Structure formats: C-alpha cells, structure tokens
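# An overview of the molecular structure
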Amino acid sequence: MFIFDVHLDLSMNAMEWNRDLRLPVSEIREREKGMTDKPDRGNNTVSFPAMREGHVGLCVATQIARYVKKNNPLPGWHSQHQAWAQTQGQLAWYKAMENEGEMVQITDLGGLDNHLQLWQSEKEHKPIGYILSLEGADSIVDMGYLERSYEAGLRAIGPAHYGPGIYAHGTDSVGGIGAKGRELLKKIEELNLILDATHLCDMSFWETMTAYNGPVWASHSLCRKFVDHNRQFTDEQLKELIQREAVIGMVLDAWMMVPNWVRRKSDPKAMGVSLEIMADNIDHICQLAGNTNHVGIGTDLDGGFGTEQGPYDVDTIADLQKIPELLSKRGYTASDIENITSQNYLNFLRRVWG
C-alpha cells in the first residue's frame with residue numbers, strides 16, 4: 001500500500017548525522033559502528049532504498065535549525081542568520097538529491113498528481129516525492145525570508161519547536177505568540193502555507209487558533225490521553241483540529257507512546273512499545289472525529305532517535321507496511337486504511353492547493 005509519511009528529518013540526517021541516505025540502512029549502520037557522538041548511532045531506520053521497499057513514495061521533509069538566546073540551554077544556533085544558513089544548506093542537499101534522481105519536490109497539484117501516477121507505474125527506480133516543511137520558524141529573520149522560502153518550495157511551517165522561539169513557545173515552555181507570532185501567522189495565511197500545529201505549547205496553540213484562519217495540520221503528534229505531557233494533544237485540542245479539517249500524523253518516538261519512558265535507559269520491548277500503540281492513538285482520534293478522515297502517519301523516524309527509542313516491531317521504515325494488516329485486524333475497512341496511510345493528507349493537499 002502507498003504510504004505518505006508527513007514528517008521525516010531527511011536533510012538533518014544527511015547534513016548533521018552525515019548519513020548518505022542513498023545507501024541501504026544496513027550500510028549506514030555498519031559505517032556508524034563504534035560512533036558515540038549521537039545516541040542513535042548505528043540504529044537508523046530510514047534510507048531511500050528502505051522507503052522504496054516500504055512503498056513510502058511521498059513525505060513531508062523538513063528543514064530545521066533552532067535559534068537559542070544566551071540563557072537558553074537547548075542546542076541551537078546563536079543568531080537567526082546562522083539558523084537561516086543552516087536551513088539553506090539543508091535545502092541544497094534536497095536539490096542535490098533531486099539532481100541525482102533520488103527525490104522530486106512537490107509544490108502543487110500538478111506535481112502531486114504526476115508523482116502519484118509515477119508510483120503506480122512499473123518504473124524500477126522511482127524518486128521519493130517530498131513536500132518541504134520548516135520545523136520551527138526561528139530561521140525566518142523577517143517576512144521577506146519567508147517569501148524567499150516559499151519561492152524555494154516551502155509549503156508547510158511550524159512556528160516553534162522545543163522551548164521558547166522567536167514566533168511562539170514550543171514543547172516544554174510556556175507562553176504565547178506575541179506580536180511577531182501574529183505577524184508570522186498573517187504571512188503564512190497570505191502565502192497559503194500550511195501551519196503545522198505540532199510542538200506548540202498549550203498557550204501558543206490556543207492563541208494561534210484564535211489568530212489564524214488558514215489551513216492547519218499536525219504532522220507528528222499523539223494523544224495526551226495516553227501520555228500526559230505537553231508535547232501531546234489534549235482531547236480539546238484534537239477536537240479543535242478536527243473542526244478545522246486538520247489531519248494529525250502519528251509519530252513513532254517511544255517516549256511519546258508510553259508513559260515513564262527514560263531516554264537511554266528504557267527498552268522498547270520491555271516497555272511494550274509497538275505499532276499497536278500507534279493504532280490505539282488512531283482509534284482514539286477516529287472516535288473523537290466519528291470517522292477515519294483526520295488521522296495519518298508522521299513517523300519522525302530518525303528524528304534524533306533510532307531503533308533504541310522506537311517500536312520494537314519497526315526495524316526500518318519499510319515496516320510501516322505492517323500497519324494495514326494491524327488496522328484490518330481492528331476492523332478498519334480497506335478504504336479506512338487507505339485514508340490513514342495516505343489519502344487523508346492527499347485530500348488535505350487537494351483542498352488547500354486547489
């Protein structure tokens with residue numbers, strides 16, 4: 001089944017983890033043996049061959065670079081201009097992969113339809129389609145930079161990531177969006193960009209919902225009902241997103257899937273972290289919505305973690321093909337499953353880009 005993964009940090013892996021995603025996952029793991037600079041070394045799950053094997057033919061691929069003020073303990077760049085330059089290096093990598101025939105950027109309905117038709121063909125080496133997203137808007141120095149990003153293909157943007165940002169407060173911080181945040185939202189709406197509500201802290205989330213009237217989705221989040229943390233959405237937030245015709249992508253980071261996960265200590269098998277928990281979250285959102293139209297897949301695989309902090313039944317991204325059978329056993333119809341694996345987000349794009 002064709003799968004649309006709505007959150008992958010591909011350029012971050014290529015540029016900061018120094019992974020050649022053209023290689024099989026096994027070769028990347030072998031090359032990282034003995035490396036300790038990142039907690040997930042040798043545990044990666046994503047590469048272009050693995051995506052093709054899993055029929056993950058389309059993704060939302062990120063640019064990401066946080067700006068941190070002097071007293072912010074989070075890792076990041078010391079100026080917005082440095083953060084901007086980092087995102088441009090990431091963009092250059094995407095363009096290089098396009099030149100190699102590994103990827104193709106999707107920016108409009110024509111390109112989307114052409115790409116989907118290509119993936120129905122018998123062509124052996126199909127390019128991975130990607131829609132460019134910016135995770136955290138700190139690198140947008142001013143609104144002229146956002147216009148330049150749009151011209152370069154940017155089609156979705158999250159105002160914040162972790163901590164306090166220039167335009168909003170993100171995960172593990174408390175605060176609103178302020179004047180700069182409202183200016184950003186106005187420009188997002190003007191450009192018809194998709195606002196990604198993922199990572200907004202509660203106060204910034206609700207202020208954003210009040211100030212913003214354009215298209216919104218959540219690329220990689222789960223339900224606070226199961227893990228009580230500000231990174232997750234409450235039922236009230238989920239209902240707000242559903243009411244706005246949003247789609248929420250299911251993420252596969254273990255600490256968001258089970259309570260009491262301890263990074264670098266907990267074990268996925270021992271903690272019972274499997275794709276069944278993703279299905280529990282899918283069930284919950286479908287019950288809130290009364291249908292299967294508002295949930296999709298946004299794995300965040302290799303988003304700073306690997307197999308050591310993911311479902312034990314996911315060795316590579318190709319294992320997303322286990323999801324259809326898993327949902328079928330829960331009583332989901334073939335049409336429901338297609339909605340969740342790709343169609344809901346495709347319908348969203350057709351509505352917004354149409």
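The structure presented is a predicted model; accordingly, all values stated were derived computationally and were not measured.

Reading the values: the criteria
Note on numbering: residues in each chain are counted from 1, in written sequence order. Residues qualify for local features only when their pLDDT is at least 70, as the model is predicted, and side-chain atom pairs are given and counted only at 80 or more; totals for whole chains, interfaces and linings, by contrast, use all residues. The side-chain figures draw on all heavy atoms in the structure; neither hydrogens nor water molecules are used. Counting from the N terminus, the helices are the DSSP runs of H or I reaching at least four residues and the strands are the DSSP runs of E reaching at least two. Radius of gyration: over C-alpha atoms. The globule rule applied is 2.2 Å multiplied by the number of residues raised to the 0.38 power. Using a 1.4 Å probe on the protein chains alone, a residue whose accessible area is under 20% of its type maximum counts as buried, one over 50% counts as exposed, and one in between counts as partly exposed. Any pair of Phe, Tyr and Trp rings, taking the six-membered ring for Trp, is counted once the centres come within 6.5 Å. Such a pair is stacked with planes under 30 degrees apart, edge-to-face with planes over 60 apart, and tilted for the rest. In this analysis the charged atom, NZ for Lys or CZ for Arg, is taken to sit over a ring once it is within 6 Å of the ring centre and within 35 degrees of the ring normal. In the sections that follow, a salt bridge refers to a side-chain nitrogen of Lys or Arg positioned within 4 Å of a carboxyl oxygen of Asp or Glu. All axes are obtained by fitting lines to C-alpha atoms, using only the stretch in contact for helices, and the reported angles, taken between N-to-C directions, cover 0 to 180 degrees. Angles below 35 degrees are treated as roughly parallel, those above 145 as roughly antiparallel, those between 65 and 115 as roughly perpendicular, and all remaining angles as oblique. For any pair of crossing helices, the crossing counts as left-handed if the nearer helix is rotated counterclockwise from the farther one by less than a right angle, and right-handed if it is rotated clockwise. Should any heavy atoms of two residues lie within 4.5 Å, those residues are counted as being in contact. When residue character is reported, Ala, Val, Leu, Ile, Met, Phe, Trp, Tyr, Cys and Pro are called nonpolar, Asp, Glu, Lys and Arg charged, and the others, Gly included, polar. What the arc describes is the spread of directions from the helix axis to the C-beta atoms. N or O atoms within 3.5 Å of each other form a polar contact, as long as, within protein, one can give a hydrogen and the other can take it, and as long as residues adjacent in sequence are counted only when both atoms are side-chain atoms.

## Comments concerning the overall build of the protein
On a plain count of helices and strands, the protein comes out with 13 helices and nine strands. Rg of the C-alpha trace for the protein: 19 Å, near the compact-globule value of 20 Å for 354 residues, within the 12% margin. Projecting the C-alpha coordinates of the protein onto the three principal axes gives extents of approximately 45 × 45 × 45 Å. In the protein, which comprises 354 residues, the share counted as buried stands at 60%.

## Digging into the packing of aromatic side chains
Throughout the structure, instances matching the rule amount to ten aromatic pairs. For the pair W217 and Y345, a centre-to-centre distance of 5.1 Å together with 90° between the ring planes defines the contact as edge-to-face. With W217 in strand β7 (residues 216-217) and Y345 in helix α13 (residues 334-353), this residue pair connects regions lying 128 residues apart in the sequence. Take Y345: its relative accessible area is 2%, and that puts it in the buried class. The rings of F4, W217, Y345 and F348 are connected pair by pair, giving a single aromatic cluster. Geometry around W17 places K38 over its ring, the cationic atom sitting 4.0 Å from the centre. Positioned above the aromatic ring of Y150, the side-chain terminus of R155 is 4.0 Å from the ring centre.

## Here's the deal with the pattern of salt bridges
In this structure the tally under the stated criterion is 21 salt bridges. The partner of R22 in a salt bridge is D20, and the shortest N-O contact between them spans 2.9 Å. Salt-bridge contacts for E276 lead to R330; the nearest nitrogen and oxygen are separated by 2.8 Å. Of the two residues, E276 sits in helix α11 (residues 275-289) while R330 sits in the loop between α12 (323-329) and α13, which places them 54 residues apart along the sequence.

## A closer look at the packing of helix α7 (residues 178-191) against helix α8 (residues 202-211)
Interhelical geometry of α7 versus α8 gives an angle of 50° and a closest axis separation of 10 Å. Classified by the angle their axes make, α7 and α8 are oblique. In this structure, α7 crosses over α8, and the sense of that crossing is right-handed. Contacts from G178, R182, L185 and E189 in α7 reach E207, T208 and A211 in α8. Taken together, the residues of the contact of α7 with α8 break down into two nonpolar, two polar and three charged.

## Quick word on the packing of helix α5 (residues 109-119) against α13
At a closest axis distance of 10 Å, the pairing of α5 and α13 adopts a crossing angle of 150°. It follows from the interaxial angle that α5 and α13 lie roughly antiparallel. Note on element contacts: α13 touches α5 through L346, L349, R350 and W353, opposite L109, L112, D113 and L116. Counted by class, the contact of α5 with α13 contains six nonpolar, no polar and two charged residues.

## Notes on the environment of F305
You can see F305 is positioned in the loop between β9 (295-297) and α12. Separated by 253 residues in the primary sequence, F305 and R52 have C-alpha atoms spaced 21 Å apart. Not counting residues within four places of it along the chain, the set of residues in contact with F305 comprises D40, L252, D253, T299, D300 and G310.

## Quick notes on the environment of T45
Of note, T45 is situated in the loop between α2 (25-31) and α3 (48-53). For T45, a relative accessible area of 2% translates into the label buried. Between the C-alpha atom of T45 and that of L134, which follows or precedes it by 89 residues, the distance is 22 Å. Dropping the residues within four chain positions of it, T45 is found in contact with V25, R29, A50, L301, D302, T307, D315, T316 and I317.

## Section: unusual backbone geometry
Of note, N192 is a non-glycine position whose phi angle comes to about 60°, a positive value. When you line up the elements, N192 lands in the loop between α7 and β6 (194-196). Look at E245: it is not a glycine, yet its phi comes out positive at around 65°.

## As for helix α9 (residues 235-243)
Every buried residue of α9 is listed here: Q237, L238, E240, L241 and I242. Where the residues of α9 are buried, they touch α8, β7, β8 (248-250) and α11. E245, located one to two residues past α9, shows a positive phi value of around 65°.

## A look at helix α6 (residues 143-151)
Buried within α6 we find M143, Y145, L146 and S149. Seen along its axis, α6 keeps its buried residues to an arc of 150°; they face one direction. On its buried face, α6 sits against α4 (80-99), β5 (154-158) and α7. Sitting at the amino-terminal end of α6 is D142, which places a side-chain oxygen 2.9 Å from the backbone nitrogen of G144. Phi turns positive one or two residues past the end of α6, at G153, with a value near 115°.

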